[in-house]
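# Analysis of the macromolecular model
Chain by chain, the residues:
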There are 2 protein chains.
Amino acid sequence: MTAAADTTVLAQRAARLEAADALGDLRERFDLPDDGSVYLVGNSLGALPRAVAPAVADAVQRQWGRSRVGGWNTEGWWAAPQRVGDRIGALLGAAPGQVVVGDCTSVQLHKVHLAAASEARRRSTGTGQPVRRVVVADPGSFPTDLFVLASDARLAGLEVVLAAPPEVPAVLAARGDEVALVALSQVDYRTGELWDLPGLTRAAHDAGAPVLWDLCHSAGVVPADLDAHDVDYAVGCSYKFLNGGPGAPAWVYVPHRLQAGFANPVPGWNSAAQPFAMTGEYTPAPDIAVARTGTPQMISLLALEAALTAYDDVDVVAVRARSLSLTGFALEALDALVPEVEVVTPREPGRRGSALALRHPQAWGLTRALHARGVEGDFRAPDVVRWGVAPLYLSHADVLAAVVALRAVLDGGEHEAAERAERPTVT
Amino acid sequence: MTAAADTTVLAQRAARLEAADALGDLRERFDLPDDGSVYLVGNSLGALPRAVAPAVADAVQRQWGRSRVGGWNTEGWWAAPQRVGDRIGALLGAAPGQVVVGDCTSVQLHKVHLAAASEARRRSTGTGQPVRRVVVADPGSFPTDLFVLASDARLAGLEVVLAAPPEVPAVLAARGDEVALVALSQVDYRTGELWDLPGLTRAAHDAGAPVLWDLCHSAGVVPADLDAHDVDYAVGCSYKFLNGGPGAPAWVYVPHRLQAGFANPVPGWNSAAQPFAMTGEYTPAPDIAVARTGTPQMISLLALEAALTAYDDVDVVAVRARSLSLTGFALEALDALVPEVEVVTPREPGRRGSALALRHPQAWGLTRALHARGVEGDFRAPDVVRWGVAPLYLSHADVLAAVVALRAVLDGGEHEAAERAERPTVT
């Protein structure tokens, strides 16, 4: 069968899959250009939800401009970190009062690493057991996780043991009673591989160790069921599949049972029990506010809150189903049309997040040439094109269009010339 | 002379002072309601500069909506923390490349406390001298400064010695060779008192100790001349007199000479020499980026950048002169019209920041009753009304209107009824 014939069949299949999908295409909730382009970088910066611009205009002009400092009360600014946290929590299977928004992911990781070290010290007190000092972390974590962890290990006297998720159970079997924290990402940002959050959490707990899940690359597209799996800590950003905007604030999950002992290493005034008592004596907040730091960046936070309305009446289980349908169909189309491109992402649905990693020796040129055809993906050195598949605003037809464009780029050798284009400092 | 007669004389004096002021009233650069109200809480949340709304609309709709992830390059997002830092630095007497914007003040304080502790260890290495472990701090600091410092002291094995600024030289004389850091605020947020930044910096340096100045309450209205005074570290928020918006990002000053050794305790990927190398090995940035953490909250940062255009072609020395003229005239008017209200703020110009603290047993009622008359100040328990005097958008006539309203409130006993109003949880 020729590529053209394949494409016709695939287009029919795209239409059938789209019709069968329970969630449907929520593209109308987003402000996307109507030019046939396909945005596959939602795993890096989500597209703009339509609700954001009016909400931000109101936040600036009316709330700040007219309510001014009174806005901390009258506009609900003070409570916003918890309010928006609850909205994110609902997508993560966290009951209200356990997620708070603020800071960046690096700061949230820092808080949890040091709080977990403190908790390990507290738990050993009076037991006669040595303090647990090992943190098990994935060497494939996003760099910031490892940078901050290495620094925290120096600060708190921890030992970092690097182990990819499949090796973590063996590490726990060997050294489980030394482990203060198992720190993993639910999805590998390079390959799009989804790790077994329930199983790895159970393995850690069996060894008496708490877990920290970095959900940056999965929040909003893969259910985490944090409460159900008794997860100890989780953090994430909100600018990827949550579509919160450039650098949108991060969040942290600390379940009720760990809040009273949460030793926030940046106990700014927003984390105090009585922030307006204005005394020098610190008493930590008795709830999730204990994980706040200083004054939250309200315009960005309100942009995020508006962005999350794209998830109104949306069940993350349905999002996951649509995501798998989209990535599964992308794999079919890639196999049919561009079999020479290696797909790094696992093919089993249960091992896929919502992004695909395609390997090609001229991945940079492919990325550029696809961009010229309106298919925006991103490049990871040395040889990977990443396609983030955002289920809220991409359709099966979009996915097919991207694969068809890839076929055309390769057929025309467009990537050869593009390979020589200057590489950006920021991707 | 009667109050009415006084008021006429004072109004004439207000007009003369206004005419004589070199800076002039830049109120047109701000979006303020045209209803005769007087906003005296610019020391808590600055008024909205007119440039912000269009800039934020562009940031959301065009930059995020259309440039999407490419905006990190094409819209200059990646460089924004340093670019906006330089703009703030210009108001602080800091040459370019020494101020970076991001995080909240609490996180910036945390970075500097721990970096200074690290620097003290480094400097002692090989000298045979004990490591300096004392941090001298003002017990009157804003609570977050003390909360974070106490926590950092536990983390890094520091001893906190509390001393009000006038007592700091004596502490330095007694224990100077133990001091790792002198951490002070340029202006006392409660009283509006301005401390002697040059003299206290010199005293610290004479003892071989670095200084950290918290400029939250003075940046933009009092020159700091950080480079000229060889200041070691400074931090501040940008939502007070810098008018950056609710929770606008904080900033940190680390001079060139301290950047190479700056041990950022939250070394997120934005602080790395090659953030996009995507390896687990951390090499700190060789410049002020070393003080960055994770991805900056871009919408809030671009709002701040636009807000700072209110300072275009404005010399902070002229702002300081206007501020002193306004607060000095306020003192005259208070003396003439409401002599029964005690002014806590020092009367010497060299000891005044840009806010006045008025003491009255029914300060809460006064605050409420003034608010009902369109004069917005804030209340600090138990007995202080604070008036922030923002020189960019307040005039001598505004200041007089506030004092006249205060006289009327007291004459009418309006504060008596208002004293019973419910107190807010957030002020």
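For clarity, every value in this text was computed on a predicted model and none was experimentally measured. (Residues numbered from 1 in each chain as written. Chains lettered and ligands numbered in written order. Predicted model: local features only at pLDDT ≥ 70, side-chain atom pairs only at ≥ 80, totals over all residues.)

Next up on the list: the overall build of chain A. Of the regular secondary structure elements, chain A holds 14 helices and 13 strands. Taking 22 Å as the expected radius of gyration for a compact globule of 427 residues, we find that chain A reaches 23 Å, a close match to that expectation. Burial status across chain A gives 57% buried among its 427 residues. Counting only contacts in chain A whose residues sit at least 6 apart along the sequence, the fraction spanning at least 24 positions is 72%. (Helix = DSSP H or I, 4+ residues; strand = E, 2+ residues; numbered from the N terminus. Rg over C-alpha atoms; globule rule 2.2 N^0.38 Å. Buried ≥ 20, exposed ≤ 12 C-beta atoms within 10 Å, placed from the backbone. Contact = placed C-beta atoms within 7 Å.)

Turning our eyes to something else, we now look at helix H12 (residues 363-372) of chain B. Along an α-helix, residues three or four positions apart point the same way, because every turn accommodates 3.6 residues. Residue and element names in this part refer to chain B. When you tally the buried positions in H12, you get eight out of ten residues, the bulk of the element. Taken residue by residue, H12 has Ala-363, Trp-364, Gly-365, Leu-366, Thr-367, Arg-368, Ala-369 and Leu-370 as its buried positions. Elements that come into contact with the buried residues of H12 comprise strand E11 (375-376), strand E12 (378-380), strand E13 (384-388), helix H13 (396-412) and helix H14 (414-418). At the C-terminal side of H12, Gly-374 shows a positive phi close to 85°.

Next up on the list: the interface of chain B and chain A. Chain B puts 69 residues into the contact, and the matching count from chain A is 70 residues. Among the secondary structure elements, those contributing two or more residues to the side of chain B that touches chain A are helix H2 (52-67), helix H3 (71-74), helix H5 (105-124), helix H6 (143-156) and helix H10 (298-307) of chain B. In terms of residues, the side of chain B that touches chain A owes the most to one element, H2 of chain B, which gives nine residues. Residues that form the side of chain B that touches chain A fall into these classes: 43 nonpolar, 21 polar and five charged. (Nonpolar A, V, L, I, M, F, W, Y, C, P; charged D, E, K, R; others polar.)

We now examine the relation of the copies chain B and chain A. What connects the two chain copies is a rotation about an axis and a shift along it. Taken as rigid bodies, chain B and chain A are interconverted by a rotation of 180° and an axial shift of 0.0 Å, the fit giving an RMSD of 0.0 Å. Taken together, the rotation angle and the small translation identify this as a two-fold axis. Closest to the rotation axis within chain B is the C-alpha of Ser-300 of chain B, separated from it by 2.6 Å. Of all interface residues in chain B, 100% are interface residues in chain A too; the two copies therefore contact each other through one and the same surface. (Least-squares fit on C-alpha atoms with pLDDT ≥ 70 in both.)

With that settled, consider the sheet that holds strand E10 (residues 355-359) of chain A. Residue and element names in this part refer to chain A. Strand order in the open sheet made by the four strands is E9-E10-E13-E12, with antiparallel pairing throughout. Strand pairing shows two members of the sheet lacking a second neighbour, strand E9 (342-343) and strand E12 (378-380), which therefore form its edges. One ladder, built from five bridges, connects E10 with strand E13 (residues 384-388); its direction is antiparallel. By the bridge assignment for E13, Leu-358 is matched with Val-385. (Pairing = 2+ DSSP bridges.)

Bringing the pairing of strand E7 (residues 233-236) of chain A into the picture now. Residue and element names in this part refer to chain A. With burial as the criterion, each face of E7 is covered, one bearing Tyr-233 and Val-235 and the other bearing Ala-234 and Gly-236. Both strand E6 (residues 211-214) and E7 contribute to a ladder of three bridges, which runs parallel. Bridge pairing in E7 places Leu-212 opposite Tyr-233. By the bridge criterion, three bridges tie E7 to strand E8 (residues 251-253) in an arrangement that is antiparallel. When the bridges of E8 are listed, Gly-236 appears paired with Trp-251.

The next subject is the nonpolar core. With 295 residues, the main nonpolar core has Val-56 and Ala-303 of chain A together with Val-56 and Ala-303 of chain B as its most contacted residues. Ignoring anything within four residues of it in the chain, the contact list for Val-56 of chain B reads Val-56, Val-60 and Ile-299 of chain A together with Ile-299, Leu-302, Ala-303 and Ala-306 of chain B. (Core = buried A, V, L, I, M, F, W, Y, C linked by C-beta atoms within 7 Å.)

As a further point, take the environment of Ser-395 of chain A. Tracing the sequence through the fold places Ser-395 of chain A in the loop between E13 and helix H13 (396-412). It is 6.2 Å that separates the C-alpha atoms of Ser-395 of chain A and Asp-25 of chain A, two residues lying 370 residues apart in sequence.

This part covers the environment of Asn-264 of chain B. Residues and elements named next belong to chain B. You can see Asn-264 is positioned in the loop between helix H9 (256-259) and H10. Under the C-beta neighbour-count criterion, Asn-264 is labelled buried, with 27 such atoms within 10 Å. Expressed as a C-alpha distance, the spacing of Asn-264 and Asp-230, which sit 34 residues apart in the sequence, is 21 Å. Not counting residues within four places of it along the chain, the set of residues in contact with Asn-264 comprises Lys-111, Ala-115, Ser-271, Pro-284, Val-290 and Ala-291.

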